[in-house]
Amino acid sequence: MGIQDQKVMMAALSIALRAQVNDLDGADVDALVSQADELLAHDTPLFREITGFATQYAMVRFDADALAEAGAHLRRAVELGAVPVPPDLGRVDIHG
């Protein structure tokens, strides 16, 4: 994972947390999408999660509970994306 990926992940985490507390506006979401579009490959899971969140934000921005749920989903996606895949994941003798 490169520094560009980490920058986008931290920005996405910030947006996710702000969505969870209903402190978010469309300009922030647009800025995140622009940053992801510029720095990430479009076939990466993080890019898809960010664009999916932006689409969902447009539909639920006035519903605090739905926005918090969308933020929680984006936060989980960022957290999962931050976990490195062990190089020996396929080894049955180690991972069962």
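Data block above holds the structure.
What comes next is a walk through the structure. (Residues numbered from 1 in each chain as written. Predicted model: local features only at pLDDT ≥ 70, side-chain atom pairs only at ≥ 80, totals over all residues. Heavy atoms only, no water.)

## Considerations on the packing of helix α1 (residues 3–20) against helix α4 (residues 64–82)
Operational definition: For every element, the axis is a line fit to its C-alpha atoms; helices are fit only across the contacting stretch, and the angle between N-to-C directions ranges from 0 to 180 degrees. Numbering of helices and strands starts at the N terminus; helices are DSSP runs of H or I of at least 4 residues and strands are runs of E of at least 2. Angles below 35 degrees are treated as roughly parallel, those above 145 as roughly antiparallel, those between 65 and 115 as roughly perpendicular, and all remaining angles as oblique. The handedness criterion is simple: a crossing whose near helix is rotated anticlockwise from the far helix by less than a right angle is left-handed, and one whose near helix is rotated clockwise is right-handed. Pairs of residues are marked as contacts when any of their non-hydrogen atoms sit within 4.5 Å. Under the convention adopted here, Pro, Cys and the residues Ala, Val, Leu, Ile, Met, Phe, Trp and Tyr are nonpolar, Asp, Glu, Lys and Arg are charged, and Gly plus all remaining residues are polar.
With their axes 7 Å apart at the nearest point, α1 and α4 run at an angle of 155° to one another. When the axes of α1 and α4 are compared, the pair comes out roughly antiparallel. Crossing of α1 against α4: the hand is left-handed. Residue-level inspection shows Met9, Ala12, Leu13, Ile15, Ala16, Leu17, Ala19 and Gln20 of α1 in contact with α4, the latter providing Leu67, Ala68, Gly71, Ala72, Leu74, Arg75, Val78, Gly81 and Ala82. Its residues assigned to classes, the contact of α1 with α4 comprises 13 nonpolar, three polar and one charged.

## Observations concerning the nonpolar core
How we decide: Within this scheme, the nonpolar core is defined by two criteria: the residues are buried Ala, Val, Leu, Ile, Met, Phe, Trp, Tyr or Cys, and they are joined through side-chain atoms within 4.5 Å. The cut-offs for exposure are 20% and 50% of the maximum accessible area for each residue type, with area from a 1.4 Å probe on protein chains only; residues under the lower value are buried, those over the upper are exposed, and the others partly exposed.
In this structure, Leu24, Leu40, Leu46, Ile50, Phe53 and Leu74 are the most contacted members of the largest nonpolar core, which totals 23 residues. Listing elements by their share of this core, those giving two or more residues are α1, α2 (26–39), α3 (45–60) and α4. Element by element, the count of residues in this core is highest for α3, at seven residues. When neighbours within four sequence positions are excluded, leucine 24 is seen to be in contact with Ile15, Arg18, Ala19, Val29, Phe53 and Tyr57.

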